[in-house]
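Listed below are the residues making up each chain.
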Amino acid sequence: MNRNSDDPRHPWMRLNAAARAVRDPRDTAAPFGFATRIVALAHEHGMVSLLERISLRALGVACLLAIASVAANYQALLPGSGAPIPAHGIHEEFDASPVRDAVTVVLDLAD
């Protein structure tokens with residue numbers, strides 16, 4: 001019952017040949033201004049990604065925290081209002097010279 005499908009008279013081969021012979025006379029190019037209309041429609045709906053909403057809120061919260069921390073520590077930022085460094089304190093070997101970086105200072109405190 002198995003017929004040869006390579007036979008040109010087989011219905012499947014005739015259907016394939018007919019489908020290959022058909023040409024579509026319609027123009028397949030997009031009309032003038034199509035891309036501009038699509039972009040305008042996309043912006044009209046106001047689709048904003050979730051990441052964009054969260055990032056703007058996070059930026060606002062970070063700014064508010066920065067302003068609050070400056071306001072809370074304003075007295076420490078004024079010139080001449082720093083706490084005096086004791087000459088003989090807990091860490092006598094601590095040198096607060098500006099030549100040393102913060103990592104070196106922290107590692108010296110750990111010793």
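Rules behind the numbers
Residues numbered from 1 in each chain as written. Predicted model: local features only at pLDDT ≥ 70, side-chain atom pairs only at ≥ 80, totals over all residues. Heavy atoms only, no water. Patch = residues over 30% accessible without salt bridge, like charges linked within 9 Å, V, L, I, M, F, W, Y side chains within 5 Å. Areas by Shrake-Rupley, 256 points an atom, 1.4 Å probe, with all protein chains shown as cover. Salt bridge = Lys/Arg side-chain N within 4 Å of Asp/Glu carboxyl O. Helix = DSSP H or I, 4+ residues; strand = E, 2+ residues; numbered from the N terminus. Buried < 20%, exposed > 50% of the residue type's maximum accessible area, 1.4 Å probe, protein only.

Below, the discussion takes up a nonpolar patch on the surface. A contiguous nonpolar surface patch, about 320 Å² in accessible area, is contributed by Trp 12, Met 13 and Leu 15. With respect to the helices and strands, the residue Met 13 is situated in helix α1 (residues 11–21).

Here we take up the pattern of salt bridges. The tally for this structure, following the rule as stated, stands at two salt bridges. Here Arg 9 makes a salt bridge to Asp 7, at a shortest N to O gap of 3.8 Å. On the accessibility criterion, Asp 7 (24% relative accessible area) is partly exposed. Among the salt bridges present, the one from Arg 26 reaches Asp 24, with a minimum N-O distance of 3.1 Å. Look at Arg 26 and you get exposed, because its relative accessible area is 62%. Judged by its relative accessible area of 47%, Asp 24 is partly exposed.

All quantities given are derived from atomic positions and should not be read as evidence of function.
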